[in-house]
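Notes for the structure review
Spelled out, the chains give:
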Amino acid sequence: MKLGFIGLGIMGRPMALNLRRAGHALWVHGRRPVTMEVLVEAGAQACRSVADVAVNAEIIFIMVSDTPDVENIVLGETGLIHRLRAGQVIVDMSTISPASTRRLAQELETRGVEMLDAPVSGGEIGAINANLSIMVGGRETTFQRVKPLFDVLGKNVVHVGDHGAGQVAKACNQIVAALTIEAVSEALTFARRNGVDAARVRAALMGGFAGSKILEVHGQRMLDNDFKPGFKVKLHQKDLRIVIEDAHRLGIGLPGAALVAQHLNALMGSGDGELDSSAIVKVIERMSGTR
């Protein structure tokens, strides 16, 4: 297939590489030219603008940070919308607002262009190893057309529902992840303040009902005080902002998510936005007088 990929950051670059290694023709664009170099070495074509991607590709993937970024790429003055043709497909794998996703899909539909929202979970390692979890919203027929490409990128690919449903599923994922990181942070801090070896507590919990991937991975990061980012605080903060905004729009209470959102805000305020989101433990430790 003739594919495009826009957004070559920590997640997008390995995802684009996996598509290229699968044998597809690929046109790529990144804000920083250096991000395109490894793709060019793999046989992709570097594009000066997103519009150039639209001219060449039949299916265009987007993987950027936030809602305004996607809106600008699609609808901006030099956006895709000005070069798109009927029959093309936009696959947005960013994590953005469900409401904005629905508006974008409606706008593209007036041009005969289909859209899928397909946010992912699995972090940089999942992107590199092509075992991402992919949550997809959009028409079933469009999903089936793109499904072979999703299978190149991930191992757990679920068509959740219509436009925006993928983004809702990702928001749910981020709620569960954030609250579980919070729970692990509190548990390990509680163990330490009781004078008990937190590493042994974690080992004991891993064999029981409290065991989880987050306890395994993030718990170890907390024990090691190693917050090299797999998923940055600033991105998790953004994701929970989307959750809280949508909860406000719907009139529903999410007290746990709101609490963790504040802890992520505190990390941003202390200059820790580039750390892994497991650094939530630092907030709990400060509140508890623990180092």
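Check the entry above for the structure.
A brief structural summary.

Some details on the overall build of the protein
Within the protein one finds 13 helices and nine strands. Computed over C-alpha atoms, the radius of gyration of the protein comes to 20 Å, within 12% of the 19 Å expected from 2.2 N^0.38 for 291 residues, which places it in the range of a compact globule. Along the three orthogonal principal directions, the C-alpha set of the protein runs to about 65 × 45 × 35 Å. In the protein, once contacts between residues fewer than 6 apart in sequence are set aside, the share between residues at least 24 apart is 66%. By element, 53% of the accessible surface of the protein is carried by carbon and sulfur atoms, the whole surface being about 13400 Å². Mean positive and mean negative side-chain charge positions of the protein (32 and 30 charges, respectively) differ by 3 Å.

A few points about unusual backbone geometry
Phi is positive for alanine 130, which is not a glycine, with a value near 55 degrees. Following the sequence through the fold, alanine 130 ends up in the loop between helix H6 (123–129) and strand S8 (132–137). You can call alanine 130 buried: its relative accessible area is 11%. Residues other than glycine seldom take positive phi values, yet asparagine 225 does so here, at roughly 55 degrees.

Quick word on the packing of helix H11 (residues 233–250) against helix H12 (residues 255–269)
Look at H11 against H12: their axes get within 9 Å of each other, and the N-to-C directions meet at 145 degrees. In this structure, H11 crosses over H12, and the sense of that crossing is left-handed. Residues Val233, Lys234, His236, Gln237, Leu240, Val243 and Ile244 of H11 form the contact with H12, whose participating residues are Ala257, Ala258, Val260, Ala261, Leu264, Asn265, Leu267 and Met268.

Examining the pattern of salt bridges
For the structure on display, the rule yields 15 salt bridges. Two residues, lysine 232 and glutamate 274, come together in a salt bridge whose shortest N-O distance is 2.7 Å. Taken together, the residues lysine 232 in the loop between helix H10 (213–224) and H11 and glutamate 274 in the loop between H12 and helix H13 (280–288) connect sequence positions 42 residues apart. What emerges from the salt-bridge pattern is a single network uniting Asp66, Arg241 and Glu245.

Here we look at the packing of aromatic side chains
Under the defined criterion, the tally for this structure stands at two aromatic pairs. Relative to phenylalanine 61, the ring of phenylalanine 5 has its centre 5.9 Å away and its plane inclined at 15 degrees; by these criteria the two rings are stacked. Linking phenylalanine 5 in strand S1 (residues 2–6) with phenylalanine 61 in strand S4 (residues 59–62), this pair joins segments that are 56 residues apart in sequence. Like phenylalanine 5, the residue phenylalanine 61 is buried in the burial classification.

Topic: the packing of helix H8 (residues 165–193) against helix H9 (residues 198–206)
Across the interface, H8 lies against H9 with an axial gap of 9 Å and an inter-helix angle of 135 degrees. The angle between H8 and H9 places the two elements in the oblique class. Both H8 and H9 take part in a crossing whose hand is right-handed. Here H8 contributes Leu188, Ala191 and Arg192 to the contact with H9, which in turn contributes Ala198, Val201 and Arg202. Of the residues that constitute the contact of H8 with H9, the class distribution is four nonpolar, no polar and two charged.

Regarding the environment of valine 91
Structurally, valine 91 is set in strand S5 (residues 89–92). The exposure class assigned to valine 91 is buried, which follows from its relative accessible area of 0%. Ignoring any residue separated from it by four or fewer positions in sequence, one finds valine 91 in contact with Ile59, Ile60, Phe61, Ile62, Leu116, Ala118, Val146 and Phe150.

Description of the nonpolar core
Within the largest apolar cluster, 32 residues are counted, with the highest numbers of intra-cluster contacts made by Phe5, Met15, Phe61, Val91, Met93, Ile134 and Phe150. Ranked by the residues each element gives to this core, the list is headed by helix H7 (residues 140–153), at five residues. When neighbours within four sequence positions are excluded, phenylalanine 5 is seen to be in contact with Gly12, Met15, Ala16, Leu19, Leu26, Trp27, Val28, His29, Val53, Phe61 and Met63. Ranked by size, the runner-up nonpolar core spans 25 residues in total, among them Ala171, Val233, Leu240 and Ile280.

A word on H12
Compared with an ideal rise of 1.5 Å per residue, which puts 15 residues at 21 Å, H12 spans 21 Å between its outermost C-alpha atoms and is within 8% of the ideal. Within H12, the full set of buried residues consists of Ala257, Val260, Ala261, His263, Leu264 and Leu267. Buried residues of H12, seen end-on, are gathered within an arc of 160 degrees and therefore sit on one face of the element. Exposed positions of H12 whose direction lies more than 90 degrees from the buried face are Pro255 and Gly269. On its buried face, H12 is in contact with H8, H11 and H13. Just beyond H12, the residue with positive phi is glycine 271, at close to 80 degrees.

Calculation criteria
- Residues numbered from 1 in each chain as written.
- Predicted model: local features only at pLDDT ≥ 70, side-chain atom pairs only at ≥ 80, totals over all residues.
- Heavy atoms only, no water.
- Helix = DSSP H or I, 4+ residues; strand = E, 2+ residues; numbered from the N terminus.
- Rg over C-alpha atoms; globule rule 2.2 N^0.38 Å.
- Contact = heavy atoms within 4.5 Å.
- Areas by Shrake-Rupley, 256 points an atom, 1.4 Å probe, with all protein chains shown as cover.
- Lys, Arg positive; Asp, Glu negative; His and termini not counted.
- Charge placed at Lys NZ, Arg CZ, Asp CG, Glu CD.
- Buried < 20%, exposed > 50% of the residue type's maximum accessible area, 1.4 Å probe, protein only.
- Axes fitted to C-alpha atoms, helices over the stretch in contact; angles between N-to-C directions.
- Left-handed = near helix turned anticlockwise from the far one by under 90°.
- Salt bridge = Lys/Arg side-chain N within 4 Å of Asp/Glu carboxyl O.
- Phe/Tyr/Trp six-rings, centres within 6.5 Å; stacked < 30°, edge-to-face > 60°.
- Parallel < 35°, antiparallel > 145°, perpendicular 65-115°, else oblique.
- Nonpolar A, V, L, I, M, F, W, Y, C, P; charged D, E, K, R; others polar.
- Core = buried A, V, L, I, M, F, W, Y, C linked by side-chain atoms within 4.5 Å.
- Expected span 1.5 Å × (residues − 1).
- Arc of directions from axis to C-beta.

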